[in-house]
There are 2 protein chains.
Amino acid sequence: MKKRNEAIVKIACCQMEPIVGEKERNIRRSSEMIEEAAKEGANLIVLPELCNSGYVFDTRREAFDLSESVPEGETCQEWMKLASKFDIHIAAGINERAEDLLYNSSVIIGPKGHVGTFRKVHLWNEENLFFEPGNLGFPVFKTPIGRISSHICYDSWFPESYRLATLQGADIVCVCTNWVPIPGQDKTREAMANILVMGAAHVNSVFIAAADRVGTERGQPFIGQSLIANYTGWPIGGPASKDKEEIIYADANLADARRKRNWNEYNQPLRDRRKDVYGEMLGSEMNVGWY
Amino acid sequence: MKKRNEAIVKIACCQMEPIVGEKERNIRRSSEMIEEAAKEGANLIVLPELCNSGYVFDTRREAFDLSESVPEGETCQEWMKLASKFDIHIAAGINERAEDLLYNSSVIIGPKGHVGTFRKVHLWNEENLFFEPGNLGFPVFKTPIGRISSHICYDSWFPESYRLATLQGADIVCVCTNWVPIPGQDKTREAMANILVMGAAHVNSVFIAAADRVGTERGQPFIGQSLIANYTGWPIGGPASKDKEEIIYADANLADARRKRNWNEYNQPLRDRRKDVYGEMLGSEMNVGWY
């Protein structure tokens, strides 16, 4: 029997190990993982931050050499082919060159091609030497499988990022990330990054799919532990391992993000915001409503 | 040898079981717990939401009968005596009557008397039948032991609450709470409320001390698990049990909230906010800076 109000998406987060400088190899590896996930039935596939270029650049010259325009560049073109072939959506981190400037971006690609681009709003550490701060806000893309937003890594440290995406109607936030170890992390527990994902999913009643990378690059380790959180905040996929390439999956009924926000007769967490106390969020004028 | 930059506070969260309607008994019980904590050396003592009245009111009449004006009422007067006697600060939830209206409030009391009041900004469920929404914003009180802010329960579901307190210079947020069970809670894990506390402490680099209640009142259970989180987000006290009255303690060097916010050469989480993207927070014009 067919279930009513079904909006089931099979999400895959590809926990990959890009190698800095080896762009052609990285594109190939990302394609292999996308193909594997698609063959498992995934139709929304998330990849890590800067997964085509690697992360730790030595020089601006190197960062520029590993960049490309979106969606004309070779990486996007390859991902577009796969999205069309398998009838899937992809959210993946890419080193984007726009005119003479670089952005740490993620692209949303669907069966018909490039859907949209997000440019990392909050730059972390030496990214400030190579990239410009994102200038596209937190766009939410309306697609046949649901409303998709994307963040990159440090953006998750700002509750504002999730709030703004959700206020604009996002059903799911795809986080393309290169999480690094945090001083003070209790190694017996889940990563603080996972705690932030769970909390944000819960308070916004939104799905979050975070694809992290693994490996160590020029001395910089990454922590894996990719995670897919339900609209209640609880993990439905992962956390993945700390150090291995792997793909985690979850079936998500994205409709739940919209229909289960009435927590009782009085409370809906997005409507309960006290704008009189802390103000409207700039950008939320693009609010499409939560329904 | 005396350590430089010492701002050690011994925090106590009193996980108490108030009984609705038995105000005199509740005041006595709160006083016993405050006295016990003070004798253990605590100098910042946090108590649950509405700990003098209980939580589940049957009628407005009952809610009004259990309220009092602040700080003239009997509860505050008793707490002021204790604060003076033991040279301590107290943050505690109280059923406040102001003129003809009720607020779900917390009072900050110091050795010299009443320091200030917070009124719950985000009302939960049937509280909306009895209380007015808080109209005092998220004040931060400057005291000899540090800058103290207070939230109540559902306020923690709004990252805006912690952000606004921290932008105004809070070193610690004392959360007076009556956490209720959340549908979907994975019982093998920490409470989602604890996850929210940890995440908020981490992204704002602020201490958080949450005192919850225990017991079941007119069919409404409460979940305990009081928690004290470090400015890194990790617990330094608790979580307490789910169902027993007890006091948890932690020594906190509140100076760390101010001096450890530079995460690297480029990033400080409060300064990195992209106000051009999501706007200024109303109320942050009271910003005292983070130092």
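Residues numbered from 1 in each chain as written. Chains lettered and ligands numbered in written order. Predicted model: local features only at pLDDT ≥ 70, side-chain atom pairs only at ≥ 80, totals over all residues. Heavy atoms only, no water.

Colleague: Please explain the interface of chain A and chain B as it appears in this structure.
Modeller: Accessible area lost during the coming together of the parts is what is often quoted as the interface size. Each side of the interface is counted separately: chain A has 54 residues, and chain B has 54 residues. Interface area, chain A with chain B, both sides summed: about 4,500 Å², of which 63% is carbon and sulfur. Of all residues in chain A, Trp234(A), Tyr266(A) and Tyr278(A) bury the most surface against chain B, accounting for 17% of the area lost on that side. On the surface where chain A and chain B come into contact, there are six salt bridges. When the shortest N-O distance is used, the salt bridge between Glu160(B) and Arg163(A) registers 2.8 Å. Inspection of the region where chain A meets chain B yields 24 residue pairs in polar contact (both at pLDDT 80 or more). For the side of chain A that touches chain B, the secondary structure elements donating two or more residues are helix 4 (127-130), helix 5 (159-167), helix 6 (192-204) and helix 8 (275-278) of chain A. (Contact = heavy atoms within 4.5 Å. Buried area = accessible area lost by both parts, 1.4 Å probe. Salt bridge = Lys/Arg side-chain N within 4 Å of Asp/Glu carboxyl O. Polar contact = N/O pair within 3.5 Å; in protein donor to acceptor, adjacent residues only side chain to side chain. Helix = DSSP H or I, 4+ residues; strand = E, 2+ residues; numbered from the N terminus.)

Colleague: Please explain the relation of the copies chain A and chain B as it appears in this structure.
Modeller: Each of the two copies of the chain can be brought onto the other by a rotation about an axis and a shift along it. The transformation that overlays chain A on chain B combines an axial shift of 0.0 Å with a rotation of 180°, and the residual RMSD is 0.0 Å. Overall, the copies show the geometry of a two-fold rotation axis. A shared binding surface is used by both copies, with 100% of the interface residues of chain A retained as interface residues in chain B. (Least-squares fit on C-alpha atoms with pLDDT ≥ 70 in both.)

Colleague: I would appreciate a short explanation of the pattern of salt bridges in the present structure.
Modeller: Between side chains of opposite charge, a pair can form when the charged atoms approach closely. Scanning all chains against the criterion turns up 46 salt bridges over all chains. Measuring nitrogen to oxygen at the nearest pair gives 2.7 Å for the salt bridge that ties Arg29(A) to Glu32(A). Of this pair, Arg29(A) and Glu32(A) both sit in helix 1 (residues 23-39), three residues apart, which is roughly one turn of that helix. With a shortest N-O distance of 3.3 Å, Arg61(A) and Asp65(A) are connected by a salt bridge. Of this pair, Arg61(A) and Asp65(A) both sit in helix 2 (residues 60-65), four residues apart, which is roughly one turn of the helix. According to the relative accessible area criterion, Arg61(A) is exposed, its value standing at 62%. Of the residues examined, Asp65(A) reaches a relative accessible area of 51% and is grouped as exposed. Several salt bridges converge on common partners, so that one network encompasses Arg189(A), Glu190(A), Arg189(B) and Glu190(B). (Buried < 20%, exposed > 50% of the residue type's maximum accessible area, 1.4 Å probe, protein only.)

Colleague: Help me out: how do you make sense of the sheet that holds strand 7 (residues 146-152) of chain B in this one?
Modeller: Hydrogen bonding along the main chain pairs the strands of a sheet, whether they run parallel or antiparallel. Residue and element names in this part refer to chain B. Read from one edge to the other, the open sheet built from six strands follows the order 6-7-8-9-12-13, with strand pairing classed as mixed. At either margin of the open sheet sits one strand with a lone partner, and together these are strand 6 (140-143) and strand 13 (235-237). Strand-to-strand twist of the sheet, defined as the mean angle between neighbouring strand axes without regard to direction, takes the value 25°. Bridge count for strand 7 against strand 8 (residues 172-176) is five bridges, and the pairing is parallel. From the neighbouring strand, Ile148 faces strand 8, where its bridge partner is Ile172. Strands strand 6, strand 7, strand 8 and strand 9 (207-211) of the sheet are contacted by helix 5 (residues 159-167), whose axis makes an angle of about 165° with strand 7. (Pairing = 2+ DSSP bridges. Axes fitted to C-alpha atoms, helices over the stretch in contact; angles between N-to-C directions.)

Colleague: When you look at the packing of aromatic side chains in this model, what are you seeing that I'm missing?
Modeller: Think of a pair of aromatic rings as described by two things: how far the centres are apart, and how the planes are tilted against each other in angle. Residue and element names in this part refer to chain B. Across all of its chains, the model carries 14 aromatic pairs over all chains by this definition. Considering the side-chain rings of Phe118 and Phe138, the 5.4 Å spacing of their centres and the 25° angle between planes classify their relative orientation as stacked. Highlighted residues: Phe118 in strand 5 (residues 113-119) and Phe138 in the loop between helix 4 (127-130) and strand 6, separated in sequence by 20 residues. In this pair, the class of Phe118 matches that of Phe138, namely buried. (Phe/Tyr/Trp six-rings, centres within 6.5 Å; stacked < 30°, edge-to-face > 60°.)

Colleague: Looking at this structure, how should I read the sheet that holds strand 6 (residues 140-143) of chain A?
Modeller: All names here are of chain A. As summarised here, the arrangement of the six strands in space is 6-7-8-9-12-13, forming an open sheet in which the pairing is mixed. The open sheet terminates on both sides in strands that have one partner only, identified here as strand 6 and strand 13 (235-237). Averaged over all adjacent pairs, the angle separating strand axes in this sheet is 25°, with direction ignored. The pairing of strand 9 (residues 207-211) with strand 12 (residues 227-229) spans three bridges and is classified as antiparallel. Residue Ile208 lies in a different strand from strand 12, and its bridge partner there is Ala229. Along the sheet face, helix 6 touches strand 9, strand 12 and strand 13 and points at about 20° away from the line of strand 12.

Colleague: I'm lost on helix 3 (residues 74-86) of chain B in this one. Help?
Modeller: Given 3.6 residues per helical turn, the α-helix brings residues three or four places apart onto the same face. Residues and elements named next belong to chain B. The terminal C-alpha atoms of helix 3 lie 19 Å apart, and with 13 residues this matches the ideal 18 Å at 1.5 Å per residue to within 8%. Those residues of helix 3 lying buried are Thr75, Cys76, Trp79, Met80, Leu82 and Ala83. Projection of helix 3 onto a plane perpendicular to its axis shows the buried side chains occupying an angular sector of 165°, all on one side. Exposed positions of helix 3 whose direction lies more than 90 degrees from the buried face are Glu74, Lys81 and Lys85. Phi turns positive one or two residues past the end of helix 3, at Asp87, with a value near 55°. (Expected span 1.5 Å × (residues − 1). Arc of directions from axis to C-beta.)

Colleague: Explain the state of the cysteines here, please?
Modeller: Disulfide: a covalent bond formed between the sulfur atoms of two cysteine residues. All names here are of chain B. Going through the model one piece at a time under the given rule, you end up with zero disulfides over all chains. Cys13 provides the cysteine sulfur closest to Cys14, a residue in no disulfide bond, and the two sulfurs are 7.6 Å apart. A disulfide-free cysteine, Cys76 has its sulfur positioned 10 Å from the sulfur of Cys51, the nearest such atom. The class of Cys76 is buried, set by a relative accessible area of 0%. (Disulfide = S-S within 2.5 Å.)

Colleague: For this particular structure, what's the right way to read the pairing of strand 5 (residues 113-119) of chain A?
Modeller: Regular strands show a simple pattern: their side chains alternate between the two faces of the sheet. Residues and elements named next belong to chain A. The buried fraction of strand 5 is high, at five of seven residues. In this structure, strand 4 (residues 101-110) lies alongside strand 5, joined through six bridges in antiparallel fashion. Opposite Val107, over in strand 5, you have Thr117 as the bridge partner. Counting the residues that bridge the hairpin from strand 4 to strand 5 gives two residues.

Colleague: What am I meant to see in the side chain of Asp171(A) here?
Modeller: Residue and element names in this part refer to chain A. Note that Asp171 resides in the loop between helix 5 and strand 8 (172-176). Asp171 sits in the buried class, given a relative accessible area of 2%. Here the side chain of Asp171 touches Arg258 through a polar contact of 2.7 Å, side chain to side chain.

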